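Architecture and fold: a report
In case you want the letters, here they are:
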Amino acid sequence: MSIRLSEIRKHVRMFFIFAKNSLVGYMEYKANFYSGLIMETVFLFSKLIYVIFVFQLGIEINGISPDQMMIFTGTYTIMIAIYTGLFMDNFYRFSGHIRNGTLDLYMTKPLSLQFMISFRNVNYAFPIPNLIAGITMIVVAWRRLGIEPSFIHVAGYIGVILSSTIVTYSVLLLPQILAFWTVKSGSIFDIIDKCWDFNNMPMYIYPKWLQRIGLYVVPILFITNMPSVYLIDRLDFFLGIWIFVAPVISLLVVRLFWKLAVRHYESASS
Amino acid sequence: MKALQKYKRTYILALQNAMEYRTDFLMGIISGGFIILVQCFLWTAVFRSSPQEIINGYTYSQIIIYSVLSGVVSKLVSAGFEGEIANDIKTGGLSKFIAQPIHYFSYRICSFFGEKTVQTGVVLVLFVVLMTVFIQIWGFPLRVGQIVMFLVSILFGMLINFLLFYSISALAFIITEVWGVYIAFNQGVYLLSGAIFPLNIFGDTFATISSYLPFQYVVFFPVKIILGSLAVHEIVSGLLLQAVWVTVLLVISKLAWDSGMKKYVAVGG
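As the structure is a computational prediction, the values presented were derived from the model and not from experiment.

This brings us to the environment of B:Val236. Residue and element names in this part refer to chain B. Within the secondary structure, Val236 sits in helix α11 (residues 232-263). Residue class for Val236 comes out exposed when judged on the 12 C-beta atoms lying within 10 Å of it. Considering only alpha carbons, one finds Val236 and Ser153, 83 residues apart in sequence, at a separation of 9.9 Å.

Right, dumping it as structure tokens:
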């Protein structure tokens, strides 16, 4: 796998063109934008309900104080903004590309096929309320916990968020690739997709075995927990290394699986 | 008699359709089960961390049963036809109902209950299994009267939910890109019906406000009957209020649709 610098630059440039393209789409169909905004705001409220609940209870749950809980919910909300903004639209359309034969068209383009599938659309409506609420929660909880807002903290947090983003991409793309074999998207996607709900709450409320599976086997719990765990200083040596290793491994796995799947592909439609 | 034939046909068609997709519904319940699991883990952690035996008026067994049953009930009463209605209005599929001798409302409600008949069957089996497990673990008392009242209140809950979504569907007459509003409304009803948390744990003010709204009669009230936390007179007055809400919502949906039909221009088709 030799990757040339000019190839990377081309793909980055294309990403910005795709992003611009999506923005133009939103400007054309404004109603779609507002519709998405309203919907996501209500969903945001159903996440805030958990924060209200925890604060009203006012006790430490498995050693996690309400303020620390807000760090987790804030991170969760930011991760939702990243997922819905960059990946969700693309992943949901993926099985459609196989069914309708648009994948064949993408194959002829002079870009990486996986890149085309993953980044063709950018959603602008869903991330807005989530980003605002997520960052607000983090800032408020950060202050209340009295964590020194030093450069190392902020940069470290952003770094772990990046690592989580790569893990999110890999873990959620993986079940979609199954569509190469099943053609129609089925319940199996749904089930893995819904595992995302486990990030609603800090991993400390789950039994040990579930935490281990969620961190190391199918790293779905990695996504919101690692950045938060870093902030509240609960990181041990092993988890610290895992922050660097997990994105590399998961990205490799998804890449290899993708290559295997493409080899199996035999244009379903037309 | 002939007039009833067409409604029976619509009902049977929807029933057959639901029979075809019964695994889809079951899978829907299973994937919806993750949030129930999260809920159960959360409550377990809360009860372990708290020195109290009763939190917000619920014991541990009560809150676990509440979380599981509210998840199942909310899935059972859910509507899900609002997208189809919006499509009918947007693309002109509604026009054929103006010409045909079947009213759109009757068509929708027959097909809704046709679908729900099969889903109720699936849920009843699940319910028996779940209750047997709960009774085994906690020695939870359950009377036949309670189950009957529960089923009646579920029927009313379905009606209320149907009417809520039928009324909101009329928004498609004025907004073309209505999907976001629908999903938002769906999630709003989900929250306010008590599907995530029981409504009375957020304090008295919230409980009082929600008692004046129809939403709590969709999930919260039926599940509370099973929990046995309501006296007989409370159950009866609750059922009556459900009936009142059905009537009120019937009027609202009629008004909404009448004013919508005035705007309808029958594009497409």
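With 25 residues of chain B in contact, the opposing surface of chain A contributes 28 residues. Elements that contribute at least two residues to the side of chain B that touches chain A include exactly α2 (22-49) and α8 (179-192) of chain B. The element best represented in the side of chain B that touches chain A is α2(B), accounting for 11 residues. Taken together, the residues of the side of chain B that touches chain A break down into 17 nonpolar, seven polar and one charged.

Moving on: the nonpolar core. By size, the foremost hydrophobic cluster in this structure holds 119 residues, and its most contacted members are A:Phe222, B:Leu69, B:Val73, B:Ile160, B:Phe162 and B:Val223. Counting residues per element, this core draws most heavily on helix α3 (residues 66-100) of chain A, at 16 residues. In contact with B:Leu69, other than residues within four places in its own chain, are B:Val223 and B:Ile226.

In this model, helix α6 (residues 127-145) of chain A (19 residues) spans 26 Å end to end at C-alpha, consistent with the 27 Å of a helix rising 1.5 Å per residue. Contact partners of the buried residues in α6(A): α2 (30-57) and α3 of chain A.

Our focus in this paragraph is the packing of helix α1 (residues 2-20) of chain B against helix α6 (residues 104-138) of chain B. Residue and element names in this part refer to chain B. Contact pair α1 / α6: the axes reach a minimum separation of 7 Å and the direction vectors enclose 40 degrees. Here α6 runs oblique to α1, going by the angle between their axes. Relative to α6, the crossing made by α1 is right-handed. Every residue of α6 that contacts α1 at Tyr7, Thr10, Tyr11, Ile12, Leu13, Ala14, Leu15, Asn17, Ala18 and Met19 is listed here: Ser106, Tyr107, Cys110, Ser111, Phe113, Gly114, Glu115, Thr117, Val118 and Gln119. For the contact of α1 with α6, a count of residues per class yields 12 nonpolar, seven polar and one charged.

Each value, and the rule that gives it
- Residues numbered from 1 in each chain as written.
- Chains lettered and ligands numbered in written order.
- Predicted model: local features only at pLDDT ≥ 70, side-chain atom pairs only at ≥ 80, totals over all residues.
- Helix = DSSP H or I, 4+ residues; strand = E, 2+ residues; numbered from the N terminus.
- Buried ≥ 20, exposed ≤ 12 C-beta atoms within 10 Å, placed from the backbone.
- Contact = placed C-beta atoms within 7 Å.
- Nonpolar A, V, L, I, M, F, W, Y, C, P; charged D, E, K, R; others polar.
- Core = buried A, V, L, I, M, F, W, Y, C linked by C-beta atoms within 7 Å.
- Expected span 1.5 Å × (residues − 1).
- Axes fitted to C-alpha atoms, helices over the stretch in contact; angles between N-to-C directions.
- Parallel < 35°, antiparallel > 145°, perpendicular 65-115°, else oblique.
- Left-handed = near helix turned anticlockwise from the far one by under 90°.

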